Amino acid sequence: MKTSNTSLRDYEKKSMKWYVGYFVVLALFIWSMIGMNINLERISDGIPAMGRILALMVPPDTARLESSVIGMIETIQIAVIGTTIAAIFSIPVSFMAARNLGLPTAVSTAGKQILNAIRTFPSLVFGIFFVASYGPGPLAGVMALGINSIGMLGKLNSEIVEAIDPGPIEALEATGANYPEMFLYAVIPQVLPEFIGTTLYRFELNLRQASVLGLVGAGGIGVTLMQALQFRRWAIVGMTMLVIIVVVTILDYSSAFIRKKII
Amino acid sequence: MSNSAAEEKPSRFMLVMGKIKGLLAIILVAIIYIWSARGVGFSLIEIIGELPSFFNLLWDMVPPNWAYSIRLINPLLETFQTAIAGTILGTLLAIPLILLCASNVNRNNPLYFASKGFMNLMRTIDPMLYAAILVAGVGLGAFAGMLALMFFSMAVNAKLTSESLEAIDDGPLEAIEACGGNKLEMIKYAVAPQILPTFASYTLYVFEINIRASTVLGLVGAGGIGVNLDTSLNLFRYPNAAMVILATFVVVVLIDHLSNVLREELV
Amino acid sequence: MEIIECEGLGVTYPGGVEALKNVDLTIEDGDFVIVVGLSGAGKSTLLRTINRLVEPTTGTIKVDGRVINNLDKKELKEYRSEVGMIFQNFNLVNRSSVLRNVLAGRLREVPTWRTLLGLFPEEDVEEALSCLERVGIKEKADSRADELSGGQQQRVGIARALAQEPKILLADEPVASLDPPTSHAVMQDLKRINEEDGITTLVNLHFIDLAQEYGEKIIGLREGELVYQGPASKVTEAKFEEIYGRSITADDQLTAGGEADV
């Protein structure tokens, strides 16, 4: 009798765990929708509204191609300079945060914690503070990216330093080289290509970030976009978005290509 | 002898070529830097000159206004809810896109490339850009923020998971095909069991990104605690802004930690 | 009665490789046939062409008197469900239970809405369990597939094929990933099923001693061409050397390493 009642469920003990998971997710979802005051009316109005604005963006306003490109150029420049500042500062920081270079543990632990803290915040938070102190414009954007990117670059680069081959360092030590010589001839050549790789990767991310910094006044194409949005000029919004998508895609692929070549 | 000389020639040529290439690269990089620095009006004097005002601002933030923390509970909850709902909806939308973007599941080439193109296009747009546009389109508030996170997390999740999906063991897929199973059965019995843990892990990762993004959505009016940051700074209430930053930091770190624990459970 | 008839069967892969050339072949209902040849000789292509996992480029395949070259999608799925396949790498879903893997063999018998919800009827679950019982691992039904040994995993593969209640079984190098004792055990399982159920069985092997021990009939492939077809008893070492195109070495024998007497 018992065997004839066997079903697939009896053979899979794990399914219960999954049902609990589904239930928790569903409960969280409903709680969130209620908390945000989103009701069916909001949704049924919102979906056609999204379709409408998308339709209004096409065709993009080609008369604004030039001003969008100028804005995008500034965005690229912000990303280039911001990433470079971060790359320069991240080098000493990453050596300090690495555990294998003989620095006291307290230094590397403190270094890692600071890097983690910086990484917690999106660059827009830095952007809004630099706009408040430096005034609106691309320089605030540069500073925001420069400071914010140190967090991630420092972390990735310190991991690279921690993964280097100790062999060459020992070999130089055996020849009686001093610390700066060991650093210059054994450490730097090992880490440099990968440092460039992480910097390029961060550049790809910063390019996206730089395109939104303008939303808080920190320069670049985001400023153009924000103005178009304030006046509901959807065709200009379409043009700006098109430029962002095209340029980000092209630079993404080129940067990824260079990264592959270097490493 | 002549043999080795013949080998030496191209190698010396390559060496020179390599040096020229290196030099060209350095010149190119230098040009890019000068061009960018001029474009953004980069000047060390200005940066250093303005630093005091930046530190003054930081100084004005100390001590944070602890009392303000009570009024941050609701905005924080809203931030959290925006990230949760955005992640869940984005994940649901990602499922069909993942299957369409995996060449071993979707063997229809034109559809595959169209889906990949769509996914990559959606991925280039930062969640804040979606948010800014949606606020203008569907109105201020968390609804716009949720939709922004939904679009972005759909694209990111589809990208990450479809790449993992293309690397799964195709054996079970072939076995289901050999049993006469249809596409849906192949997905359920050969694809899903292999990809679900990875998919769940990436979903948590996307949730972490969304939590971070949700804290600034308010800067463009898309709800959550970012609204408080924006108003505090606009009204020069710097101790309040400091409290917002602190509260955001604590919540993000806690959720990151929780998410990491969950992810380790999964894998 | 012939169950499989191939006429002028040829397969050219998109890269230009001619995997099968003009193969004429007949297999009697209930036969236990071993396909031998070097790797790359087209053994795997032949098996995969029979259930159309690989599309034939030229020639026809008749199964049970019906040409299967031009079946439409639905007919193809129906046809494939009548042909069980066993794979070298087992092709199990590692993270799923053994039972669920075997139930994959019942997919064609159960409506899709039920399979998608995981609601297999009792009798199909029973059928899957009895298939596991026939290969002696019923007690493993609720284990995860990757908790099993290689030999047990291949038995799950056999049970999955059996669950299809097939007319034909195709086994593509079923023992290539297994150690010698387990290889014999799996070959004995296949042989027993062939004898008890009368399912026509084609097994790809590259070990000549296994081929001679278990095969009733042997098909020899060399560079995509059929070079031998006939009873196993008549295949001499010289014939194998002709099929392999070189002299027989220790690598061609499962038990050459001294692990004989299994």
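Residues numbered from 1 in each chain as written. Chains lettered and ligands numbered in written order. Predicted model: local features only at pLDDT ≥ 70, side-chain atom pairs only at ≥ 80, totals over all residues. Heavy atoms only, no water.

## Examining the overall build of chain B
What counts here: Counting from the N terminus, the helices are DSSP H or I runs at least four residues long and the strands are E runs at least two residues long. Just to be clear, the radius of gyration here is over C-alpha atoms, and the globule rule we use is 2.2 Å times residues to the power 0.38. Each residue is assigned to one of three classes by its accessible area relative to the maximum for its type, calculated with a 1.4 Å probe on protein chains only: buried under 20%, partly exposed between the two thresholds, exposed over 50%. Any pair of residues with heavy atoms lying within 4.5 Å of one another is described as a contacting pair.
Scanning chain B from N- to C-terminus turns up 10 helices and 0 strands. Taken from the N to the C terminus, the helices and strands of chain B come in the order α-α-α-α-α-α-α-α-α-α. Computed over C-alpha atoms, the radius of gyration of chain B comes to 26 Å, more than 25% over the 18 Å expected from 2.2 N^0.38 for 267 residues, which places it beyond the range of a compact globule. Buried residues in chain B amount to 51% of all 267 residues. Long-range pairs, those at least 24 residues apart, make up 75% of the contacts in chain B between residues at least 6 apart in sequence.

## Focus on the interface of chain B and chain C
Buried accessible area, meaning the area lost when the parts come together, often serves as the stated size of an interface. What counts here: The quantity reported as buried area is the accessible area (1.4 Å probe) lost by two parts once they are put together, taken as the sum for both. Salt-bridge detection follows one rule: a side-chain nitrogen of Lys or Arg within 4 Å of a carboxyl oxygen of Asp or Glu. Under the scheme applied, nonpolar residues are Ala, Val, Leu, Ile, Met, Phe, Trp, Tyr, Cys and Pro; charged residues are Asp, Glu, Lys and Arg; polar residues are all the others, including Gly.
Tallying the contact residues gives 19 residues for chain B and 28 residues for chain C. Buried area between chain B and chain C, summed over both chains or domains, comes out near 2,000 Å², and the portion from carbon and sulfur atoms is 59%. Looking only at chain B, the three residues that lose the most surface to chain C are Ala178, Cys179 and Tyr189 of chain B, adding up to 31% of its buried area. The tally of links between chain B and chain C comes to 2 salt bridges. Here glutamate 174 of chain B and arginine 48 of chain C are joined by a salt bridge, their closest N and O atoms 2.8 Å apart. Taken together, the elements giving at least two residues each to the side of chain B that touches chain C come down to α7 (171-178) and α8 (183-214) of chain B. The element that contributes the greatest number of residues to the side of chain B that touches chain C is α8 of chain B, accounting for 8 residues. Tallied by class, the residues present in the side of chain B that touches chain C amount to 10 nonpolar, 5 polar and 4 charged.

## Notes on unusual backbone geometry
A cis amide bond links valine 58 of chain A to the next residue, proline 59 of chain A, at an omega of -5°. For proline 59 of chain A, the location among the structural elements is in the loop between α2 (40-57) and α3 (65-97). Valine 62 of chain B connects to proline 63 of chain B through a cis peptide bond whose omega is -10°. Along the chain, proline 63 of chain B falls in the loop between α2 (44-60) and α3 (73-100). One non-glycine residue, arginine 232 of chain A, lies in positive phi territory at about 50°. Mapping arginine 232 of chain A onto the fold places it in the loop between α9 (221-230) and α10 (234-262). Judged by its relative accessible area of 44%, arginine 232 of chain A is partly exposed. The phi torsion at glutamate 173 of chain C lies on the positive side, around 45°, for a residue other than glycine.

## With respect to the environment of valine 253 of chain B
Summarising the element assignment, valine 253 of chain B is placed in helix α10 (residues 238-266). Between the alpha carbons of valine 253 of chain B and glutamate 208 of chain B there is a distance of 9.8 Å; along the sequence they are 45 residues apart.

## Considerations on the sheet that holds strand β4 (residues 58-63) of chain C
Residues and elements named next belong to chain C. Applicable threshold: Strand pairing is defined by DSSP finding a minimum of two bridges between the two strands.
The 4 strands are arranged β2-β1-β4-β5 in an open sheet whose pairing can be described as antiparallel. Only two strands of the sheet have a single neighbouring strand rather than two, namely β2 (18-28) and β5 (66-67). By the bridge criterion, 2 bridges tie β4 to β5 in an arrangement that is antiparallel. Across the sheet, the residue bridging to valine 63 is arginine 66, located in β5.

## Considering the interface of chain B and chain A
Definition in use: Any pair of N or O atoms that falls within 3.5 Å is considered a polar contact. Within protein, one atom must be able to donate a hydrogen and the other to accept it, and sequence-neighbouring residues count only if both atoms are side-chain atoms.
Counting residues at the interface gives 60 residues for chain B and 61 residues for chain A. With both chains or domains summed, chain B and chain A bury close to 5,300 Å², and 79% of this area falls on carbon and sulfur atoms. At the boundary of chain B with chain A, the tally comes to 0 salt bridges. Linking chain B with chain A are 9 residue pairs in polar contact (both at pLDDT 80 or more), by the criterion used here.

## Side note on the pairing of strand β10 (residues 225-231) of chain C
Residue and element names in this part refer to chain C. Here strand β9 (residues 217-222) runs beside β10; their pairing, made up of 6 bridges, is antiparallel. Bridged to leucine 221 within β10 is leucine 226. Turn length for the β9-β10 hairpin, with the two strands adjacent in sequence and antiparallel, is 2 residues, and the turn residue glutamate 223 shows positive phi of about 50°.

## Section: the nonpolar core
Put simply, the rule reads: Residues grouped as a nonpolar core are buried Ala, Val, Leu, Ile, Met, Phe, Trp, Tyr and Cys residues, joined through side-chain atoms within 4.5 Å.
Grouped together as the largest cluster of nonpolar side chains are 188 residues, with contacts concentrated most on Phe129 of chain A, Leu229 of chain B together with Met187 and Leu190 of chain C. Ignoring any residue separated from it by four or fewer positions in sequence, one finds phenylalanine 129 of chain A in contact with Phe54, Leu57, Met61, Leu229, Leu233 and Ile245 of chain B. Listed in part, the 33 residues of the second largest apolar core include Ile4, Leu47, Leu76 and Tyr79 of chain C.

## A short note on the sheet that holds strand β7 (residues 168-171) of chain C
All names here are of chain C. Counted only if it meets this: Angles shown run from 0 to 180 degrees and are taken between the N-to-C directions of axes, each axis being a line fitted to C-alpha atoms and, for helices, limited to the stretch in contact.
If you trace the 6 strands from one edge of the open sheet to the other, you get β6-β7-β8-β3-β9-β10, paired in mixed fashion. Two strands in the sheet have a free side with no partner beyond their single neighbour: β6 (83-86) and β10. Taken pair by pair, the neighbouring strands of this sheet meet at an average axis angle of 15°, ignoring direction. In the packing of helix α1 (residues 43-50) onto the sheet, contacts are made with β3 (32-36), β6, β7, β8 (200-205) and β9, and the angle to β8 comes to roughly 155°.

## Topic: the domain arrangement of chain B
Rules: Bear in mind that the domain bounds are from an automatic or database domain assignment.
When the domains of chain B are assigned, the result is domain 1 (2-42) and domain 2 (65-266). On a C-alpha basis, the centres of domain 1 of chain B and domain 2 of chain B stand 42 Å from each other.

## What about the packing of α3 of chain A against helix α6 (residues 138-162) of chain A?
Residues and elements named next belong to chain A. Basically, it comes down to this: Here roughly perpendicular refers to angles of 65 to 115 degrees, roughly parallel to angles under 35, roughly antiparallel to angles over 145, and oblique to all remaining angles. When the near helix sits turned anticlockwise from the far one by under a right angle, the crossing is termed left-handed; a clockwise turn instead gives a right-handed crossing.
It is at 5 Å that the axes of α3 and α6 come closest, and there the two elements cross at 40°. One way to sum up the angle between α3 and α6 is to call them oblique. Judged by the sense of rotation from one axis to the other, the crossing of α3 with α6 is right-handed. Across the contact of α3 with α6, the residue classes tally to 15 nonpolar, 10 polar and 2 charged.

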